[in-house]
Amino acid sequence: MKVDVVLGSFYGDEGKGKIIDYLGGKANVALRATGGANAGHSIEVDGEKFVFHLIPSGILNKGTLAIIGNGVVLDPKVLIEEINTLKEKGRDVSKLRISNKAHVVFPYHLGLDKMLEDMRGNNKIGTTIRGIGPCYCDKYERSGIRVEDLYSDKFEELVKRNVENKNRLFKLNGYPEYDYKEIVKEYKKYARTIKKYVCDTTVLIHKLIKENKKIICEGAQATLLDIDHGSYPYVTSSNPTIGGILTGSGLNPHNIGEVYGVMKAYSSRVGEGPYVTEQNNEIGDMIRELGHEYGATTKRPRRCGYLDLVALRYAVLINGITALCMNHLDTIGKLAKIKLCVAYERDGKITEDFTTNEKELLESTPVYEEFVGNYGDISNIRRKEDLPSQAKEYIKRIEEYIGVPIKFIGVGAGREEIIVE
Ligand code: IMO
Ligand code: MG
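Residues numbered from 1 in each chain as written. Chains lettered and ligands numbered in written order. Predicted model: local features only at pLDDT ≥ 70, side-chain atom pairs only at ≥ 80, totals over all residues. Heavy atoms only, no water.

Student: Go over the overall build of the chain with me, naming the residues and quoting the values.
Tutor: In terms of helices and strands, the chain carries 13 helices and 20 strands. Its C-alpha atoms give the chain a radius of gyration of 21 Å, near enough to 22 Å, the size a compact globule of 421 residues would have. Principal axes of the C-alpha set define a box for the chain whose edges measure 65 × 50 × 40 Å. The contacts in the chain between residues at least 6 apart in sequence include a share of 76% that link residues at least 24 apart. Total accessible area computed for the chain in this model is approximately 18000 Å², and 49% of it derives from carbon and sulfur atoms. If you average the places of the 60 positive and of the 59 negative side-chain charges in the chain, the two averages end up 6 Å apart. (Helix = DSSP H or I, 4+ residues; strand = E, 2+ residues; numbered from the N terminus. Rg over C-alpha atoms; globule rule 2.2 N^0.38 Å. Contact = heavy atoms within 4.5 Å. Areas by Shrake-Rupley, 256 points an atom, 1.4 Å probe, with all protein chains shown as cover. Lys, Arg positive; Asp, Glu negative; His and termini not counted. Charge placed at Lys NZ, Arg CZ, Asp CG, Glu CD.)

See the structure below:
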């Protein structure tokens, strides 16, 4: 049985939760392999809203095993809050599994995230201040603390060494220092709470594949936020693209089946960095209000704009996307006129090649094609052929340009408001 992967195609917040929720109904296992509590995946089930930051949202499906893989940076405080919320809402969390190899986020990572952002001044990245970058830094610098270390005799020593090192930086820059003994006490408590979920998830995943279990991997963040393939430095500190899914779980390339690229019928970005099709005007404001484009993690208003096919085709190439999932067709359909970016113009030349170079992105102006909007209420439509002709034309142009079919179309916020081809 192949593992299907759901990935963000743009700058995040594409509505991965909705597609994952749909596919998850048929899966035995939901897997998260990358990122941390910077992600915010909202789904609505029976009128009840859930926001997930760490736990794969597939846990909402009865009997589905939810695995947090080794590539995730785990903030146990956020995790335990999430577990408690699920329990309060009567959901079964006994099927949660956490990799012993996942790195742990500590309070000093959040402190560093904040300090580093402050120090960047006008060049700030606009991070979520969830300690993501500093935690991955420790991982790659090989001083990080993994979930299994929470249960080791060396735990206190590891925390002490880390806190002492970080405190030097905090002191130097006039930021509050941390008390390692307090952290040890707090984290030992967390460790006891989550112990029953911890195991070697790599071994587990391969066992499940052998048993022919269906695994859906829930991507976090997105292609253009990738540390290698995104708009560096305005990116996250991990690889949310397909490569990160493999290293973040222990899957191999032969395990992968479908790669679903999630996108919106328009685009959005939170945080700083270039954004070629941004509408920093009344159109952008309108899309934000119509699409409720406010961050699930930080509540920040999202920057909004038209769909960028140059960027989307790049995401398809990087990830090997086999099918597209387009959300918010209803939202874009409320505009009278819809624009679609089909090329960039730079230095008087037209190109269809995406670039991650900051200067080139800033100098690129979008070349648009125009489409008619005013779709009316499409939330009850369940077949592509029943969509208004203007909507069909828009979809056809996207598929033709990208060369990959759009298999899911979101036509409303509700769980059932989706067209599946
Ligand atoms: P989901 O999974 C949108 C952005 C932040 C910032 C940059 C770096 O919900 O799509 P970080 O805290 O990761 O160091 O911030 O990345 N960012 C996201 N934007 N959706 C996300 O996740 C994001 N996770 C990180 O806004 O620009
Ligand atoms: Mg988000």
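Student: Break down helix H5 (residues 155-172) for me, with residues and values.
Tutor: Side chains three or four residues apart in an α-helix point the same way, a direct result of the helix having 3.6 residues per turn. Taking 1.5 Å per residue, 18 residues should reach 26 Å; H5 reaches 26 Å between its end C-alpha atoms and fits that length. Buried residues belonging to H5 abut helix H3 (107-120), helix H4 (132-141) and helix H6 (180-194). Looking one or two residues past H5, Gly-174 carries a phi angle of roughly 75°, positive in sign. (Expected span 1.5 Å × (residues − 1).)

Student: Which residues make up the packing of H3 against H4, and what are the values?
Tutor: Two elements in contact, H3 and H4, have axes separated by 7 Å at closest approach and are oriented at 115°. On the basis of their axis angle, the class for H3 and H4 is roughly perpendicular. Judged by the sense of rotation from one axis to the other, the crossing of H3 with H4 is right-handed. Across the interface between the two elements, Tyr-108, His-109, Leu-112, Asp-113 and Leu-116 of H3 pack against Ile-132, Pro-134, Cys-135 and Asp-138 of H4. (Axes fitted to C-alpha atoms, helices over the stretch in contact; angles between N-to-C directions. Parallel < 35°, antiparallel > 145°, perpendicular 65-115°, else oblique. Left-handed = near helix turned anticlockwise from the far one by under 90°.)

Student: Could you give me a rundown of the site of ligand 1, with the residues and numbers involved?
Tutor: As a structural note, the neighbourhood of ligand 1 is formed by 20 residues, with Lys-16, His-41, Thr-128, Gln-221 and Thr-236 the closest of them. Between ligand 1 and Asn-38, the relevant distance is 2.8 Å, taken from an oxygen atom to a side-chain nitrogen or oxygen of the residue. A distance of 3.4 Å is found between an oxygen atom of ligand 1 and a backbone nitrogen or oxygen belonging to Gly-126. Grouping the constituent residues of the shell around ligand 1 by class yields seven nonpolar, ten polar and three charged. (Near = heavy atom within 4 Å. Polar contact = N/O pair within 3.5 Å; in protein donor to acceptor, adjacent residues only side chain to side chain. Nonpolar A, V, L, I, M, F, W, Y, C, P; charged D, E, K, R; others polar.)

Student: So what's going on with helix H10 (residues 309-319)? Which residues, and what values?
Tutor: Counting buried positions along H10 yields eight of eleven residues, so the element is predominantly enclosed. Within the span of H10, buried status applies to Leu-309, Val-310, Ala-311, Leu-312, Tyr-314, Ala-315, Val-316 and Asn-319. One side-chain oxygen of the residue at the start of H10 lies 2.9 Å from the amide nitrogen of Val-310, identifying that residue as Asp-308. Gly-320 sits one or two positions beyond H10 and adopts a positive phi of about 65°. (Buried < 20%, exposed > 50% of the residue type's maximum accessible area, 1.4 Å probe, protein only.)

Student: Account for the packing of aromatic side chains, naming residues and giving values.
Tutor: By the definition in use, this model includes 15 aromatic pairs. Centroid distance Phe-10 to Tyr-275: 6.2 Å. Interplanar angle 70°. Geometry classified as edge-to-face. One end of the pair, Phe-10, is in the loop between strand E1 (3-8) and helix H1 (16-24); the other, Tyr-275, is in the loop between strand E12 (267-269) and helix H9 (282-290), with 265 residues separating them in the sequence. Here Phe-10 and Tyr-275 have matching classes, each one buried. Each ring, one from Tyr-306 and one from Tyr-368, has its centre 5.4 Å from the other, and the planes form 75°; the classification is edge-to-face. Taken together, the positions of Tyr-306 in the loop between strand E13 (303-305) and strand E14 (307-308) and Tyr-368 in strand E18 (residues 365-372) put the pair 62 residues apart, joining distant regions of the chain. (Phe/Tyr/Trp six-rings, centres within 6.5 Å; stacked < 30°, edge-to-face > 60°.)

Student: Account for the sheet that holds strand E7 (residues 96-99), naming residues and giving values.
Tutor: What the ten strands build is an open sheet, ordered E9-E7-E5-E2-E10-E1-E11-E15-E19-E20; its pairing is mixed. Each end of this open sheet is capped by a strand with a single partner; those strands are strand E9 (198-199) and strand E20 (418-420). Sheet topology note: the E1/strand E10 (residues 215-218) ladder contains three bridges and is parallel. Along E10, the bridge assignment pairs Val-6 with Glu-218. Packed on one face of the sheet, H1 meets E1, E10, strand E11 (256-264), strand E15 (323-327), strand E19 (406-410) and E20 and runs near 165° to E1. (Pairing = 2+ DSSP bridges.)

Student: Summarise a positive patch on the surface; cite the residues concerned and give the values.
Tutor: Taken together, the side chains of Lys-185, Lys-188, Lys-189 and Arg-192 make up a positively charged region of the molecular surface. Structurally, the position occupied by Arg-192 is in helix H6. (Patch = residues over 30% accessible without salt bridge, like charges linked within 9 Å, V, L, I, M, F, W, Y side chains within 5 Å. Salt bridge = Lys/Arg side-chain N within 4 Å of Asp/Glu carboxyl O.)

Student: Lay out the domain arrangement of the chain in plain terms, naming residues and giving numbers.
Tutor: Each assigned domain of the chain is listed with its residue range as follows: domain 1 (3-100 + 197-259), domain 2 (103-193) and domain 3 (263-420). Averaged C-alpha coordinates put domain 1 and domain 2 at centres separated by 23 Å. Contact with domain 1, which involves 25 residues of that partner, is made by 22 residues of domain 2. Across the domain 1 to domain 2 interface the summed buried area is about 1800 Å²; carbon plus sulfur atoms make up 63%. Here domain 1 and domain 2 share zero salt bridges between them. At the boundary of domain 1 with domain 2, the tally comes to six residue pairs in polar contact (both at pLDDT 80 or more). (Domains from an automatic or database assignment. Buried area = accessible area lost by both parts, 1.4 Å probe.)

Student: Which residues make up the side chain of Ser-249, and what values do they have?
Tutor: With respect to the helices and strands, the residue Ser-249 is situated in the loop between helix H8 (242-247) and E11. Look past the residues within four positions of Ser-249 in its chain and what remains in contact with it is Leu-31, Ala-33, Asn-70, Thr-202 and Ile-205.

Student: If you had to explain the pairing of strand E2 (residues 29-32) to someone new, which residues and values would you point to?
Tutor: Residue alternation in E2 divides its side chains into two sets, Val-29 and Leu-31 and Ala-30 and Arg-32, and both sets are buried. Here E2 pairs with strand E5 (residues 65-68) via four bridges, running parallel. Residue pairing for E5: Ala-30 is matched across the bridge by Ala-66. As defined by bridge partners, E2 adjoins E10 across three bridges and the pair is classed as parallel.

Student: Can you explain the environment of Gly-63? Please cite residues and give values.
Tutor: Within the element layout of this structure, Gly-63 appears in the loop between strand E4 (48-52) and E5. It is 20 Å that separates the C-alpha atoms of Gly-63 and Val-5, two residues lying 58 residues apart in sequence.

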